[in-house]
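# Summary of structural features
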Amino acid sequence: MTLKKFGLVSLSSTLFFFSAKAQISSPDTSINDIAPIEIKAYFNAQSMLDLTTSARVVTKKLLESQAPSNFLSTLNTTTGLRMEERSPGSYRLALRGSMLRSPFGVRNTKIYIDEIPFTDASGNTYLNLLDPVGINSIQVIKGPDGSLYGPNSAGVLRFIPEGFGKPNNEKSIMVSGGSFGLFHQQLQVNHQVNENYSFSFDQAYLRSDGYRQHTGMDKLFFQTAHQWKYNSKGTLKVFGLYSDLGYQTPGGLTQQQYDEDPTQFRPAGGPFQSAKDQKSSYL
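The structure displayed is predicted, hence computed values, not measured ones. Numbers given to residues run from 1 along each chain, matching the order in which its sequence is written. Reporting in this predicted model follows two pLDDT cut-offs: at least 70 for local features of residues, and 80 or more for side-chain atom pairs to be given and counted; totals over whole chains, interfaces and linings ignore these cut-offs and use all residues. For side-chain calculations, the full set of non-hydrogen atoms in the structure is used, while hydrogens and water are omitted.

### Looking at unusual backbone geometry
For clarity, the threshold we go by: To qualify as a helix, a DSSP run of H or I must reach at least 4 residues; to qualify as a strand, a run of E must reach at least 2; elements of each kind are numbered from the N terminus.
One non-glycine residue with positive phi stands out, namely F180, at about 60 degrees. Within the fold, F180 resides in the loop between β12 (169–178) and β13 (182–192). Backbone geometry places H214, a non-glycine residue, at a positive phi of 60 degrees. Turning to its location among the elements, H214 is positioned in the loop between β14 (197–208) and β15 (217–231).

If you want it as structure tokens, here you go:
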């Protein structure tokens, strides 16, 4: 399978699972205190209680408690948000019914990587390029107030990368596998050099043959983020992302075709070739 490369730079059921993590931390004397929840809305940081719109923060703890291969189950815990996987590697996302008239991909919703627009000028968002290993938290702003970020009415999703969250010293590696040829590997390095500079490096590899025929997927992911507080009022951030992705699309089936064999790809019909003969894929 020939893969297509993407770059962004700014200055199935699991059968086995292995995870190792190392963390260096100092004693916490305020373990019983409740940390304030802050969200960056309207281009400035503020307390969630001060917001005039509905919002939610998907934390790192929730991301780690769900399936590590994608954001599907994690984002679906948010009220008013629905994410679906049409075929392995192909996602669509609806926020407050934003896909009623356009049911494919991500519509009327702006997505940011920290403060970098991840949605292009035509409204397309390549959500499948990201991997949960590189995300510290997700901020969701629902409703018309999201129009402050551009021509959308559903809302805004802001992905906070590792390295831009709370500084820590953590190194982890995870390997998981499952049925239908699923293999997923993640590597994460977070390091705080001093009180002013911290960085992270995240890497992941994912492959799967898929439940249906002609649903193979192969993905390689690299991400790095650096944060330097050069004075009391200024911070310099550097973010880099590389994702190499390819997946096949099996097409839809009629009820009769599904009853015959639910794992088959869309067969040929009339003048139209089958999904396999058409080489229907994202390369």
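Having seen the structure, we can now continue with the description.
### Some details on a nonpolar patch on the surface
Using the following cut-off: Every patch collects residues that have over 30% relative accessible area and no salt bridge, joining them within 9 Å if they carry like charges and within 5 Å if they are nonpolar side chains (Val, Leu, Ile, Met, Phe, Trp, Tyr). Shrake-Rupley sampling with a 1.4 Å probe provides the accessible areas, and residues are treated as covered by the protein chains on show and by no other component. The working definition used for a salt bridge is a side-chain nitrogen of Lys or Arg within 4 Å of a carboxyl oxygen of Asp or Glu. Accessibility here uses a 1.4 Å probe with only protein chains present; expressed as a share of the type maximum, an area under 20% marks a residue as buried, one over 50% as exposed, and anything in between as partly exposed.
A cluster of nonpolar residues, W228, Y230 and L236, forms a patch on the protein surface that exposes about 320 Å² of accessible area. Along the chain, Y230 falls in strand β15. Looking at Y230, the relative accessible area reads 45%, which means it is partly exposed.

### Regarding the confidence of the model for the chain
In low-pLDDT regions, the fine details of the predicted coordinates are not to be read closely. What counts, and what does not: Confidence scores labelled pLDDT are given residue by residue by the predictor and lie between 0 and 100. Contact definition: two residues touch when any of their heavy atoms are within 4.5 Å.
Across the chain, the average pLDDT comes to 78, with 75% of residues at 70 or higher. Counted against residues more than four places away or in other chains, residues 1–17, with its pLDDT under 50, gives 54 contacts.

### Comments concerning the packing of aromatic side chains
Applicable threshold: Two rings from Phe, Tyr or Trp (for Trp, the six-membered ring) form a pair when their centres are within 6.5 Å of each other. A pair whose planes differ by under 30 degrees is stacked, one over 60 is edge-to-face, and the rest are tilted. Each ring is checked for a lysine NZ or an arginine CZ that lies within 6 Å of its centre and within 35 degrees of its normal; such an atom marks a charge sitting over the ring.
Applying the stated rule across the entire model yields 8 aromatic pairs. Judged by centre distance (5.6 Å) and plane angle (55 degrees), the ring pair of W228 and Y230 falls under tilted. Three or more aromatic residues link up through ring pairs in this structure, and these residues are F201, F222 and Y242. One cation-aromatic arrangement involves K237 over F164; the distance from NZ or CZ to the ring centre is 4.9 Å.

### Observations regarding the sheet that holds strand β9 (residues 116–117)
How we decide: If DSSP finds at least two bridges between two strands, the strands pair.
Sheet architecture is open: 5 strands sit in the order β5-β10-β11-β8-β9, paired in mixed fashion. Two strands lie at the open edges of the sheet, namely β5 (54–58) and β9, each paired on one side alone. Examined bridge by bridge, strand β8 (residues 109–113) and β9 share 2 bridges and lie antiparallel to one another. Bridge pairing links Y112 to P117 in β9.

### Considerations on the environment of P88
When you line up the elements, P88 lands in the loop between β6 (81–87) and β7 (90–95). Residue P88 is classed as partly exposed on the basis of its relative accessible area of 21%. Distance from P88 to Y211, taken between C-alpha atoms, is 9.1 Å for residues 123 residues apart in sequence. Residue contacts for P88: discarding those within four places in its chain leaves T215, M217 and Y247.

### Some details on the pairing of β14
Direction of pairing for β13 relative to β14: antiparallel, over a ladder of 10 bridges. Bridge pairing in β14 places N190 opposite S200. If you look at the hairpin formed by β13 and β14, you'll find 4 residues sitting between the two strands. Where β14 meets β15, 12 bridges bridge the pair, whose relative direction is antiparallel. In the strand pairing of β15, S198 is matched with Q227.

### Describing the nonpolar core
Looking at soluble globular proteins, one finds that nonpolar side chains tend to be buried together. So the rule is basically this: Nine residue types can take part in a nonpolar core, namely buried Ala, Val, Leu, Ile, Met, Phe, Trp, Tyr and Cys, and a core is a set of them joined through side-chain atoms within 4.5 Å.
Formed by 37 residues in total, the largest nonpolar core has its most connected members in F71, L75, L130, I138, L157 and F159. Of all the elements, strand β16 (residues 234–248) adds the most residues to this core, at 4 residues. Ignoring anything within four residues of it in the chain, the contact list for I138 reads R56, V57, V58, L63, F71, L75, R158 and F159.

### Describing the pairing of strand β10 (residues 135–142)
Of all 8 residues in β10, 8 are buried, a share of seventy percent or more. Note: β5 against β10, 5 bridges, orientation antiparallel. The residue bridging V58 from the neighbouring strand is I138, located in β10. Where β10 lies against strand β11 (residues 155–161), 7 bridges are found, and the strand directions are antiparallel. Bridge assignment links Q139 to a residue of β11, and that residue is R158.

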